[in-house]
Amino acid sequence: MLRFRSDMEKWQTGACQLTNFFVHVQGGASNRAGTQYIGAVKDAANLPRLVPFVYNNTQSYVLEMGNEYIRFISNGAYLTNADGSVYEVATPYAVADVWGIRWVQSADVLTVSHPSYPLYNLSRSGETDWALEEVSFAAGIDAPATVSATATKGNAGNTGTTPGISSATYDYVVTAVSIALNSESNVSAVATVKNYNIGYYTQYGSYNTVNWSEVSGADYYNIYRKYAGSYGLIGSTTDLTFDDTDYEPDTAIGPPTHEDPFSGGNNPSCVSYFQQRRVFGGSTADPQTIWMTRSGNYTNMDVANPVKDDDAITATIASQQVNQIKHIVPMADLIIFTAGSVWKVSGGDAGKAITPEDVTVTPQMFVGAADTLPLPIDQDVLFVESKGSHVRDLQYDYYAAVYNGTDLSVLADHLFYGYTINDWRFAQFPFNIVWAVRSDGTLLGLTYLKEQQIWVWHQHTTTNGKFTAVTVVPEETENGVVEDTAYFVVERTINGQTVAYVERLHTRQLGTANSDITKAWFVDAGLQYTGAPTSTVSGLSHLEGQTVSACIDGKGYTGLTVTNGAATLPVAGSTVTVGLPIAAHLQSLPLDLGQPPQFSRRKRVSKIYTMLYNTAGIEVSTDDGARTRPVGSAATSGTLSSDVQFVIPAANWDQYGKVDVFQHYPLPCTVTGLDVDVEVGN
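Residues numbered from 1 in each chain as written. Predicted model: local features only at pLDDT ≥ 70, side-chain atom pairs only at ≥ 80, totals over all residues. Heavy atoms only, no water.

J.: Residue-level account of the overall build of the chain, with values.
T.: Tallying secondary structure elements over the chain gives two helices and 54 strands in all. At 33 Å, the chain has a C-alpha radius of gyration far larger than the 26 Å of a compact globule built from 682 residues. Along the first, second and third principal axes, the C-alpha atoms of the chain reach 125 × 65 × 40 Å. Relative to its 682 residues, the chain shows a buried fraction of 52%. Sequence separation of at least 24 residues holds for 61% of the intrachain contacts in the chain that already meet a minimum separation of 6. Only carbon and sulfur atoms are counted for the fraction: they give 47% of the accessible area of the chain, which is about 28700 Å². (Helix = DSSP H or I, 4+ residues; strand = E, 2+ residues; numbered from the N terminus. Rg over C-alpha atoms; globule rule 2.2 N^0.38 Å. Buried < 20%, exposed > 50% of the residue type's maximum accessible area, 1.4 Å probe, protein only. Contact = heavy atoms within 4.5 Å. Areas by Shrake-Rupley, 256 points an atom, 1.4 Å probe, with all protein chains shown as cover.)

Put into structure tokens, the structure is as follows:
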């Protein structure tokens, strides 16, 4: 629809088609790198999801979550047991529910939520020592098992006065406190004692002694006395006994009341962290409610009477529609996404902490979110609209004092109309690309750098396959550089069979100086051989019967066939990368001559000037590839071109004046600019 909209500012720097090309934030476009074959998924009939587990930039894992199992991938390889079998952990999640899970990570613990399952913690204790355990909201420490109170009456009974010192009944409870767990137990059983009024302790010596049993792990104990219907703190001690000599109960500090809002199957659908609290939301019974744990204690939902600032928090969205909370994203404020709108949860004033008495829930925009996870990127959040086919960003508008955003898909609507976005992740370094899996198996890419007002969509396909899942984790490349590395689940048809592989997007860097063409990896589901020169590469049974391409010592060849797990090479080589071919195509927009009726006049591009960087094996055309011309270094030259190349294309008169760039070889190409000489007809 926008092909001829040269009046738009972004049209001037756009392209008509980018297939297996991506755009750099600095400008120019490169063909995407290929993928490395990691292994077949456990069950190709029940496709898994990929979940990132990132402890830091040097310790990351990809979790293959399928039907009641998790497998683990680290640095391009499955973790294995001592016998070589793939290491895995059993889970309760059916494959139909895997795509409904939400997760949040804190150090070595990944908390997983789903409305049909209790909350679970996946914890790492070692490389092949992982455990999945249900989250308990029980008190972190037990209350004293036994508590008793005895009266010391002193001389209060011998005052000789009429009516004398009155008697009173005293109720006590005791809690145990663990500093390490930041937890106070539930209250003990009530200990009741009758004594003369201990308010006269200094005159007559009457007091009460409270005793209790020891609690393992307790650092100290809090003692509470009932006063005017409420319990108030009268003291703390590390001992197992306490003398109450008329300490005034501080009813502003009451004992905790244990809460578990998720008992009885009322499981939350999403989980996050905010202001030192773990946050849950969107349960089945309370779809518009969020819960926040006590500050600094991620499994404690207790509330004291009266309420304290660090107590657990419960807040419910008050809206006209009941749309379940789908996502919780911590930004400067806590952002809540429902199916119909976006809400902000804050402490009221800017920068004020959320407390049980200071929690405000306000609407920001009435555009709902789909099940696809939002992506926090710098100060923005990208999310898929509730219908699943449009992408928006969300950021704080200081002038309007609300969160709002922009539709990022409007300029590439043809990539979204009739489809949905099923999965996506952001790879910040080195190219600032969001990788998004579309419902038909096409991979979309979004080059995104909001601070420079850059967002550019491109699409990516793979031979005999479709993308079904994606995740991104930081990994160190062979060049010693940490990159955000994308992993995919790809469903393929191989030798007449449907299979599913985990594949890793290879680094695009060509050695440490980015100029070693032998490092080129521009095939999919590929593997690499390095060693003595060979004319045959084996170990390719996962590509049996397929037509593959090979980069042999930096020279590109196509049309090879895998037979019995091996490919015979046209020339011997010592560094050979073999895999499925990637067809990359870049097409410019129609030529804007600036003289109406510019798009109605027939024209002929007589020369094409192509600005190249580290490129080999490309061809250009002005007639959709019917007649192509090679540009720059040839595919079998083993060299790269980084200069301006011009070529005279085949004569073609039409109304477009467009230029096509093709890369059919397993070699790199980067086009930093296109220019043309043109003849204009009537």
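J.: Residue-level account of the environment of Gln-546, with values.
T.: Tracing the sequence through the fold places Gln-546 in the loop between β43 (524–537) and β44 (547–552). The buried category is assigned to Gln-546, whose relative accessible area is 7%. Sequence separation between Gln-546 and Thr-245 is 301 residues; the distance between their C-alpha atoms is 88 Å. Those residues in contact with Gln-546 that lie beyond four places of it in its chain are Asn-464, Thr-493, Ile-494, Asn-495, Leu-560, Thr-561, Val-562 and Leu-580.

J.: Describe the pairing of strand β23 (residues 270–274), listing the residues and the values that go with them.
T.: Extensive coverage of β23 is indicated by the burial of five of its five residues. Where burial is concerned, the two faces of β23 agree: the one with Cys-270, Ser-272 and Phe-274 and the one with Val-271 and Tyr-273 are both buried. Bridge analysis of β23 against strand β24 (residues 277–281) gives five bridges, and the strand direction is antiparallel. If you follow Tyr-273 over to β24, its bridge partner there is Arg-278. What sits between the antiparallel neighbours β23 and β24 is a turn of two residues, in which Gln-275 has the positive phi angle 50°. (Pairing = 2+ DSSP bridges.)

J.: Summarise the sheet that holds strand β21 (residues 241–244); cite the residues concerned and give the values.
T.: With antiparallel pairing, three strands are arranged side by side in an open sheet as β14-β18-β21. The sheet terminates laterally at β14 (147–152) and β21, the two strands that pair on one side only. Taken pair by pair, the neighbouring strands of this sheet meet at an average axis angle of 20°, ignoring direction. Pairing geometry for strand β18 (residues 207–212) and β21, over four bridges, is antiparallel. Counterpart to Asn-208 in the pairing with β21 is Asp-244. (Axes fitted to C-alpha atoms, helices over the stretch in contact; angles between N-to-C directions.)

J.: Hey, could you go over the sheet that holds strand β11 (residues 109–114) for me, with residue numbers and the actual values?
T.: Pairing between sheet strands relies on hydrogen bonds along the backbone, with the strands arranged either parallel or antiparallel. Ordered in space as β10-β11-β12-β13, the four strands form an open sheet in which the pairing is antiparallel. Looking along the sheet, the strands with just one partner apiece sit at the ends: β10 (102–106) and β13 (129–134). Across the sheet, the mean angle from the axis of one strand to that of its neighbour is 20°, orientation sign disregarded. Two elements, strand β12 (residues 117–126) and β13, share six bridges in a ladder whose sense is antiparallel.

J.: So what's going on with the side chain of Arg-604? Residues and values would help.
T.: The residue Arg-604 is located in strand β48 (residues 603–612) in this model. The exposure class assigned to Arg-604 is buried, which follows from its relative accessible area of 16%. Among all residues touching Arg-604, those that are not within four sequence positions of it are Ala-651, Asn-652, Trp-653, Asp-677, Val-678 and Glu-679.

J.: Provide a residue-level description of the pattern of salt bridges, including the pertinent values.
T.: Under the criterion given, the structure shown has 20 salt bridges. For the salt bridge of Asp-371 with Lys-326, the shortest nitrogen-to-oxygen distance reads 2.6 Å. Taken together, the residues Asp-371 in the loop between β31 (360–365) and β32 (375–377) and Lys-326 in strand β28 (residues 325–330) connect sequence positions 45 residues apart. Taking relative accessible area as the criterion, Asp-371 reaches 45% and is therefore assigned partly exposed. Measuring nitrogen to oxygen at the nearest pair gives 2.7 Å for the salt bridge that ties Glu-679 to Arg-604. Remark: Arg-604 occurs in strand β48 and Glu-679 occurs in strand β54 (residues 670–680); sequence separation between them is 75 residues. Since its relative accessible area comes to 34%, Glu-679 is described here as partly exposed. (Salt bridge = Lys/Arg side-chain N within 4 Å of Asp/Glu carboxyl O.)

J.: Could you give an account of the environment of Asn-222, naming the residues involved and the relevant values?
T.: By secondary structure assignment, the location of Asn-222 is in strand β19 (residues 220–227). Take Asn-222: its relative accessible area is 8%, and that puts it in the buried class. Between the alpha carbons of Asn-222 and Thr-175 there is a distance of 5.2 Å; along the sequence they are 47 residues apart. Asn-222 has contacts with Val-173, Val-174, Thr-175, Val-177, Glu-184, Leu-233, Gly-235 and Ser-236, leaving out every residue within four places of it along the chain. Of note is the side chain of Asn-222, whose polar atom sits 2.6 Å from the side chain of Ser-236. (Polar contact = N/O pair within 3.5 Å; in protein donor to acceptor, adjacent residues only side chain to side chain.)

J.: So, the nonpolar core: which residues are in play, and what are the values?
T.: Counting 22 residues, the largest nonpolar core has Leu-63, Met-65, Phe-72, Tyr-93, Leu-110, Leu-122 and Trp-130 as the members making the most contacts within it. Broken down by secondary-structure element, the contributors of at least two residues to this core are β5 (49–56), β6 (59–66), β7 (69–74), β11, β12 and β13. Sequence-distant contacts of Tyr-93, defined by excluding residues within four places in its chain, comprise Met-65, Gly-66, Asn-67, Glu-68, Val-98, Ile-101, Val-112, His-114, Tyr-117, Pro-118 and Tyr-120. In terms of nonpolar packing, the next biggest core, distinct from the first, is built from 20 residues, Ile-377, Ala-412, Phe-426 and Trp-457 among them. (Core = buried A, V, L, I, M, F, W, Y, C linked by side-chain atoms within 4.5 Å.)

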